[in-house]
Amino acid sequence: MMLKALFRKQFAELTAQFFRNRRTGQPRTRAGGYGFLALIAVIFLAMGASFYFLAQGVFLAVPEEMSFLYYFVIGLIAIAIGLLGSVFNAYATIYNAKDNELLLSMPVPPKYIVFVRVVALSAMSALYEAVILVPAFLVRVIFRAVTPIVVVNYILLFIFVTLFVVTLTLALAFVVAAIARKVKRKSLVTVVTSIALLVLYYYLYFKAQNAMSALMTMTEVPKGIRTWLFLFYYMGLAAEGDAGAMAIFAGATTLLFIVAYILLSVFFRRFTTARRSASVKGKVGDVRAARPGTALFKREMKKFLATPMYILNCGLGTLMMLLAGVLVFVKAEMLFAVKDAIISVFPKMDGGVFALVMVLLIASMNYLTAPSVSLEGKRIWVIRSLPVSTKEIFKAKIELHLSLTLLPAWFLTAAMIYAFRPSVLSSILMFFAVTAYVLLAAEFGLTLNLLKPFLDWKNETVALKTGPSVLISVFGLFLFVLGLGVLFLPVSAVLADGYYILILFVLFVLGDALLMRWLGRGGVRRFEALS
Amino acid sequence: MLEIKNLTKKYGNKIAVSGLSMEVRGGELCAFIGHNGAGKTTTLKCVAGILGFEEGEIRVGGVSVTEDPILTKKKLAYIPDNPDIYDFMTGSQYLNFIADIFGVEEEVRREKIRYYASALELSEEEIAMQIGSYSHGMKQKLVIISALLHSPELIILDEPFVGLDPKASHALKDIMRDFCRAGGAILFSTHILEVAERLCDKVAIIKEGKLVTCGSMDEVKGDASLEEIFLDLEAE
């Protein structure tokens, strides 16, 4: 009875994702709900189709006597995708669920709560696995004869791969919860970990192709796979009908799952009810007065530094520009070749516009003002009740964007000039154009957010990720810059890079002035109507 | 100190406050009562300069809220019903931010923070903590301290006792009385009629956006209790 009620609640929570608008929390219309479901189905089908072709490539490359390799590779991909899909969900679903305290106040054993959540997590995980494992099985059916044993083994493989992914996810969620309990600078840890994972992802992505080629040309199973990756080795053998291997893979996976489940159940109450570690900074006596303008800027900066999602979503351009600048300085000779290639096709170009477009594209990764009004949320009363003009508030928001974007953008510009060696006129004008563009991007984001603010969020991520101002800012600026670059291709025959950059600079300054004018009038009116 | 003349505020087609006029003089502690949705918070937000309004005039210390919003905001302090504040700051950072905006001298702010924090029993260690880890009551105390840093002439409080522990609640009443004795004016909304009756010398009752009555506590209630008067007016 109790479990049934818990399952019903969990199911309602799952379906709410489809039939409720994540931004507003309002229920969708029936047509809207089914439309959203259909969209998800189309996305999954498209992903399934692309995995079909991937699986087909792997299947045809693997020699028949090494057929376990097919399942070994497909299984590893399925585990990686399942893990990526579920790991961010697991911590939120199990430890950060809003109804944890409510459920713990009821006569429900924690192991029941964990069990229901794990089942929900497994269902989601199975969905991700299906996107890879179903097309992979179709490939197997189409290209080689299938016996009932192979079908049964494949179904078992599907179940135990899902269980394995859930086990890994639970283990990671456990580690995250344990760290979250202790760590004081949680935002810093989140940002560093996320960037490290991103770097690792790209590293593995670039290495994966070599590893796959090496695997495909194998004539015998290396010792490393039999020892270090023995579980996956048995997974591959099991899928091909080896009952002993299936027993080992299923047994080991089940054992690991039970251990993870027991750990979760035991620590559930401790982790979910732990108070957030309160970081104590300085003393009350540590007082340093600042001008109102500085105080407003510091408020924006504190907000940015304390919100990992803000940094990762809207401020990654700063890091990218610095990294790109260093890379350009170190590997300048590669860009000399690029410049030569450009000049061979467009002989009148000096590389200035190309370099500028590159800088602007990377600078467009910063869109700090686009969610800045929405981020005020329900706390907007604080700033609205203080004796500061709305223009000063806007200035602080724009200053945050400029302070985090201009210096790295100038650094990258210098690096590009070093690598591309455009004319002196182009080089000087590039700095002016970059400066005017960065201001334009800041004003553009703020304008969009004032036109479409969203203050009624319950989770900041919604304000940061789903607002139209953010989406239009990201793609709009990117396409705008790209368009300016493409437009120069035919124009370059009659207009030197320097003059084109001058035109762009004038265009950006005009845009700056227009948006500034609107912000000072319509923008102020809109902000002051918010409460 | 506070003059409201013919205030009308609409949300779309819905009239939230209609033709409301009242006055709170220096030294007066005025309770603003009414049932849920009567228009109390809307009126207080209009006075604080958070909400604009369609008709009427609001003056704080003789200065119009619409003509010089910055100056009127310097003269008043607003404490909302829900102390949603910046959880990305520590208590100390928040107080310094507010003090910076009002241009409060370092020594003055240090002294005031110590005084009011001690009165409301918010320890130095708690003030140095991240606001994200605060309870509702602690946030409320912090907002109250921040509101008093710049020595306002008028304080607007929306349900200030919600979430406060009995001791802090008692301390806040003392602070409010002292503030009015020193010549300041207070307008605060509450549902706790016993507190309003004991604490205030003036009362205003609002019903469906319209002011039903406003006057000294004795004038309004006579020999009856404030609760009886309020319920009678509501029933009409």
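Residues numbered from 1 in each chain as written. Chains lettered and ligands numbered in written order. Predicted model: local features only at pLDDT ≥ 70, side-chain atom pairs only at ≥ 80, totals over all residues. Heavy atoms only, no water.

Glancing now at the packing of helix α14 (residues 332-345) of chain A against helix α17 (residues 390-420) of chain A. All names here are of chain A. α17 packs onto α14 with a crossing angle of 65° between their chain directions and a minimal axis gap of 8 Å. α14 and α17 meet at a crossing whose hand is right-handed. The residues of α17 that touch α14, namely those facing Ala 332, Leu 335, Phe 336, Val 338, Lys 339 and Ile 342, are Met 416, Tyr 418, Ala 419 and Phe 420. When grouped by side-chain class, the residues that make up the contact of α14 with α17 number nine nonpolar, no polar and one charged. (Axes fitted to C-alpha atoms, helices over the stretch in contact; angles between N-to-C directions. Helix = DSSP H or I, 4+ residues; strand = E, 2+ residues; numbered from the N terminus. Left-handed = near helix turned anticlockwise from the far one by under 90°. Contact = heavy atoms within 4.5 Å. Nonpolar A, V, L, I, M, F, W, Y, C, P; charged D, E, K, R; others polar.)

Next up on the list: the side chain of Ser 189 of chain B. Residue and element names in this part refer to chain B. Within the secondary structure, Ser 189 is located in strand β8 (residues 185-189). Under the relative-accessibility criterion, Ser 189 is labelled buried at 0%. Ser 189 has contacts with Phe 32, Lys 40, Leu 44, Leu 157, Asp 158, Glu 159 and Pro 160, leaving out every residue within four places of it along the chain. (Buried < 20%, exposed > 50% of the residue type's maximum accessible area, 1.4 Å probe, protein only.)

We now examine the interface of chain B and chain A. Contacts between chain B and chain A engage 39 residues on the former and 38 residues on the latter. Summed over both partners, the interface of chain B with chain A buries about 3,600 Å², with 63% contributed by carbon and sulfur atoms. Across the contact surface, chain B and chain A share one salt bridge. Salt-bridge contacts for Asp 87 of chain B lead to Arg 379 of chain A; the nearest nitrogen and oxygen are separated by 3.1 Å. Across the chain B-chain A interface, the total number found is seven residue pairs in polar contact (both at pLDDT 80 or more). Where the side of chain B that touches chain A is concerned, the elements lending two or more residues are α2 (69-75), α3 (91-102), α4 (106-119) and α5 (124-127) of chain B. Per-element tally for the side of chain B that touches chain A: the top contributor is α3 of chain B, with nine residues. Classifying every residue of the side of chain B that touches chain A by side-chain character gives 20 nonpolar, nine polar and 10 charged. (Buried area = accessible area lost by both parts, 1.4 Å probe. Salt bridge = Lys/Arg side-chain N within 4 Å of Asp/Glu carboxyl O. Polar contact = N/O pair within 3.5 Å; in protein donor to acceptor, adjacent residues only side chain to side chain.)

We now examine a nonpolar patch on the surface. All names here are of chain A. A cluster of nonpolar residues, Leu 60, Val 134, Leu 138, Val 141, Ile 142, Phe 143, Val 146, Val 151, Val 152, Ile 155, Leu 156 and Ile 159, forms a patch on the protein surface that exposes about 970 Å² of accessible area. Going through the elements one at a time, α5 (110-143) and α6 (148-182) are the ones with two or more residues in the nonpolar patch. Relative to the helices and strands, Val 151 is located in helix α6. Judged by its relative accessible area of 32%, Val 151 falls in the partly exposed class. (Patch = residues over 30% accessible without salt bridge, like charges linked within 9 Å, V, L, I, M, F, W, Y side chains within 5 Å. Areas by Shrake-Rupley, 256 points an atom, 1.4 Å probe, with all protein chains shown as cover.)

In terms of nonpolar packing, the biggest core is built from 110 residues, with Tyr 94, Phe 97 and Phe 188 of chain B touching the most fellow members. Residues Val 58, Tyr 70, Ala 136 and Phe 257 of chain A belong to the second largest nonpolar core, which totals 62 residues. (Core = buried A, V, L, I, M, F, W, Y, C linked by side-chain atoms within 4.5 Å.)

Residue and element names in this part refer to chain B. In terms of burial, strand β7 (residues 154-158) is largely enclosed, as five of its five residues are buried. Covered by surrounding structure in β7 are Leu 154, Ile 156 and Asp 158 together with Ile 155 and Leu 157, the residues of both alternating faces. Two strands pair when backbone bridges link them, and strand β6 (residues 76-79) and β7 are joined in this way by four bridges, in the parallel orientation. Its bridge partner being in β7, Tyr 78 is matched across the sheet by Ile 156. (Pairing = 2+ DSSP bridges.)

Here the focus is the sheet that holds strand β4 (residues 55-60) of chain B. Residue and element names in this part refer to chain B. Taken together, the four strands give an open sheet; going across it, the order is β2-β1-β4-β5, and neighbouring strands pair in antiparallel fashion. Here the strands that pair on one side only, and so sit at the sheet edges, are β2 (14-24) and β5 (63-64). As paired strands, strand β1 (residues 2-11) and β4 are joined by five bridges and run antiparallel to one another. Across the sheet, Thr 8 pairs through a bridge with Glu 55, a residue of β4. Contacts from helix α1 (residues 40-47) reach β1, β2 and β4 within the one sheet, and its direction differs from that of β1 by about 120°.

A few words now on the packing of helix α11 (residues 292-306) of chain A against α17 of chain A. All names here are of chain A. Interaxial distance between α11 and α17 falls to 8 Å at its minimum, and their mutual angle equals 55°. Between α11 and α17, the angle is such that the two are oblique. For α11 against α17, the interelement crossing comes out right-handed. Between α11 and α17, the contacting residues are Leu 296, Phe 297, Arg 299, Glu 300, Met 301 and Phe 304 on the first element and Glu 392, Ile 393, Ala 396, Lys 397, Glu 399, Leu 400, Ser 403 and Leu 404 on the second. (Parallel < 35°, antiparallel > 145°, perpendicular 65-115°, else oblique.)

Residue and element names in this part refer to chain A. Each domain of chain A was delimited in the assignment, giving domain 1 (2-21 + 28-273) and domain 2 (294-528). Averaged C-alpha coordinates put domain 1 and domain 2 at centres separated by 38 Å. Residue-level contacts link seven residues of domain 1 with eight residues of domain 2. Counting across the domain 1 and domain 2 interface gives zero residue pairs in polar contact (both at pLDDT 80 or more). Along the lines of polarity and charge, the residues of the side of domain 1 that touches domain 2 split into three nonpolar, three polar and one charged. (Domains from an automatic or database assignment.)

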